[in-house]
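# Structural features, examined
This is what each chain is made of:
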Number of protein chains: 2
Amino acid sequence: MLTKLNHIAVVVPDLVAASENYKTRFNAEVSESKDLPDHGVTTIFVKLADSTIELLHPLGEDSPVAKFLKNNPRGGIHHLCYEVDDIGAAIDKLVGEGAKVLGGGAPKIGAHGKPVVFLDPRDFTGVLIELEQH
Amino acid sequence: MLTKLNHIAVVVPDLVAASENYKTRFNAEVSESKDLPDHGVTTIFVKLADSTIELLHPLGEDSPVAKFLKNNPRGGIHHLCYEVDDIGAAIDKLVGEGAKVLGGGAPKIGAHGKPVVFLDPRDFTGVLIELEQH
């Protein structure tokens, strides 16, 4: 069902410092920072070997990652995002087996302009998993 | 310097339940469980799309993941493991730039029989990074 690991999301207290750190220490390619007000985050993408780290920092008052940063002031891994071919079919299968989709259950347009859902981490040993349709 | 994401390590309260969950819900391939007494963990590998999740459970009294599980009783993402060609050169570069290697600084033989080190998460926005020589 999952076709590819799209990114590993890391919430950080300082986006520029974090991206410079990955760039200097691991020769990583880093993107420009981008505000996503609809999602309450500012992001920088870090290409680390064959994986992508999505650095996230809260934007605005209702940011979905503000509480995480408060609980983890140094930062930390926030979620894993996997690609799926058909997000509707994936949701139907998972919900049919008793898994829970956060935020009402219907896909929303995510940070990359594609339909996404987040699965309840209580169903996946504490791991928050985002599914993104590609 | 980093050549490949080797695995994402997830500490879980119940290895069999967690691996069955990934198998059933995501059609993942899962390995047999393996006790690694020298490392204080029992492991199961889960092949999830193009990534590998290493499920970890404490083994013995001095397990390095016991405290993590106590603090995160549902489980959670513990570390990211990246491959390097030359772990000695990687350590020299990182330490030369002020990063800290945990456990004395010298590589040890890791869970896969290869030299590994763990980098201090305080240098990487709370992310524990394992380097493994391949």
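Here is a short report on the structure shown in this document. What you see is a predicted model; the values in this text were computed from it and never measured. Residue indices begin from 1 for each chain and proceed along its sequence in written order. Here the convention is simple: chains get letters from A, ligands get numbers from 1, in the order in which they are written. Totals for whole chains, interfaces and linings use all residues, but because this is a predicted model, local features are given only for residues with pLDDT of at least 70 and pairs of side-chain atoms are given and counted only at 80 or more. Hydrogens are left out, water is left out, and the side-chain values use all remaining heavy atoms of the structure.

This part covers the overall build of chain A. The helix and strand tally for chain A stands at three helices and nine strands. The N-to-C order of helical and strand elements in chain A reads β-α-β-β-β-β-α-β-α-β-β-β. Residue exposure (1.4 Å probe, protein chains only): buried if accessible area is under 20% of the type maximum, exposed if over 50%, otherwise partly exposed. For chain A, the residues scored as buried account for 49% of the 134 residues in total. Two residues form a contact once any of their heavy atoms are found within 4.5 Å. Within chain A, counting contacts between residues at least 6 apart in sequence, those at least 24 apart form 53% of the total. Here, Shrake-Rupley sampling with a 1.4 Å probe gives the accessible areas, and only protein chains in the shown set may cover a residue. Just so you have it, chain A exposes about 6200 Å², and 50% of that area is on carbon and sulfur atoms. In chain A, which carries 13 positive and 19 negative side-chain charges, the distance between the mean positions of the two groups comes to 5 Å. Helical segments are the DSSP runs of H or I of at least four residues, strand segments are the runs of E of at least two, and each set is numbered from the N terminus. Charge counting follows a simple rule: Lys and Arg are positive, Asp and Glu are negative, and His as well as the terminal groups are ignored. Where a charge lies is defined by one atom per residue type, namely NZ (Lys), CZ (Arg), CG (Asp) and CD (Glu).

Now for the side chain of His78(A). Residue and element names in this part refer to chain A. With respect to the secondary-structure elements, His-78 resides in strand β6 (residues 76–84). Of note is the side chain of His-78, whose polar atom sits 2.9 Å from the side chain of His-79. Dropping the residues within four chain positions of it, His-78 is found in contact with Ala-9, Val-10, Val-11, Val-65, Phe-68 and Leu-128. Polar contact is defined as a pair of N or O atoms within 3.5 Å, subject to the rule that within protein one atom must be able to donate a hydrogen and the other to accept it, and that residues adjacent in sequence are counted only when both atoms are side-chain atoms.

In superposing the copies, a least-squares fit is computed on C-alpha atoms, taking residues whose pLDDT is at least 70 in both. In the superposition of chain B on chain A (RMSD 0.0 Å, axial shift 0.0 Å), the rotation amounts to 180°. In the structure described here, the two chain copies are related by an operation that fits a two-fold rotation axis. Considering only C-alpha atoms, the residue of chain B closest to the rotation axis is Ile77(B), which sits at 3.6 Å. The overlap is high: 100% of the interface residues of chain B also sit at the interface in chain A, so the same surface is used on both sides.

What follows covers the environment of Lys34(B). Residues and elements named next belong to chain B. Summarising the element assignment, Lys-34 is placed in strand β3 (residues 34–36). For Lys-34 and Gly-110, which are 76 residues apart along the polypeptide, the C-alpha to C-alpha distance reads 14 Å. Once you skip the residues sitting within four places of it in the chain, Lys-34 turns out to touch Val-41, Thr-42 and Thr-43.

Facing 42 residues of chain B, the contacting portion of chain A comprises 42 residues. Across the chain B to chain A interface the summed buried area is about 3400 Å²; carbon plus sulfur atoms make up 63%. Put simply, buried area is the surface a 1.4 Å probe can reach on two separate parts but cannot reach once they are joined, added for both. A per-residue breakdown of the area chain B buries against chain A is headed by Arg25(B), Phe26(B) and Thr125(B), which together make up 22% of the total. For the interface between chain B and chain A, the tally reads 16 residue pairs in polar contact (both at pLDDT 80 or more). Considering every element that reaches the side of chain B that touches chain A, the biggest residue donor is strand β1 (residues 2–11) of chain B, with seven residues.

Pairs may arise between side chains of opposite charge once their charged atoms sit close together. The salt bridge definition used is simple: a Lys or Arg side-chain nitrogen within 4 Å of an Asp or Glu carboxyl oxygen. One pass over the structure, following the stated rule, counts six salt bridges over all chains. The partner of Arg122(A) in a salt bridge is Asp120(A), with the nearest N and O atoms 3.1 Å apart. Residue class for Arg122(A) comes out exposed when judged on its relative accessible area of 58%. Residue Lys93(B) pairs with Glu97(B) through a salt bridge whose shortest N-O separation is 2.8 Å. Judged by its relative accessible area of 34%, Glu97(B) is partly exposed.

This next bit is on the packing of aromatic side chains. The aromatic pairing rule takes the rings of Phe, Tyr and Trp, using the six-membered ring of Trp, and pairs them if the centres are within 6.5 Å, calling planes under 30 degrees apart stacked, those over 60 edge-to-face and the rest tilted. In this structure the tally under the stated criterion is six aromatic pairs over all chains. Taking the centre distance of 6.3 Å and the plane angle of 35° together, the rings of Tyr22(A) and Phe26(A) count as tilted. With Tyr22(A) and Phe26(A) both in helix α1 (residues 15–26), this residue pair falls four residues apart, about one helical turn. A relative accessible area of 1% means that Tyr22(A) is categorised as buried. A relative accessible area of 3% places Phe26(A) in the buried class. Between Phe124(A) and Tyr22(B), the aromatic rings sit 6.1 Å apart at their centres with planes inclined by 45°, giving tilted as the arrangement. Taken as a pair, Phe124(A) in the loop between β8 (115–119) and β9 (129–133) and Tyr22(B) in helix α1 (residues 15–26) lie in two separate chains rather than in one. One exposure class covers both Phe124(A) and Tyr22(B), and it is buried.

Now for unusual backbone geometry. All names here are of chain A. Even without glycine at this site, Ala-49 takes up a positive phi of about 55°. Tracing the backbone through its elements, the reader meets Ala-49 in the loop between β4 (41–48) and β5 (51–58). We classify Ala-49 as partly exposed; its relative accessible area is 24%.

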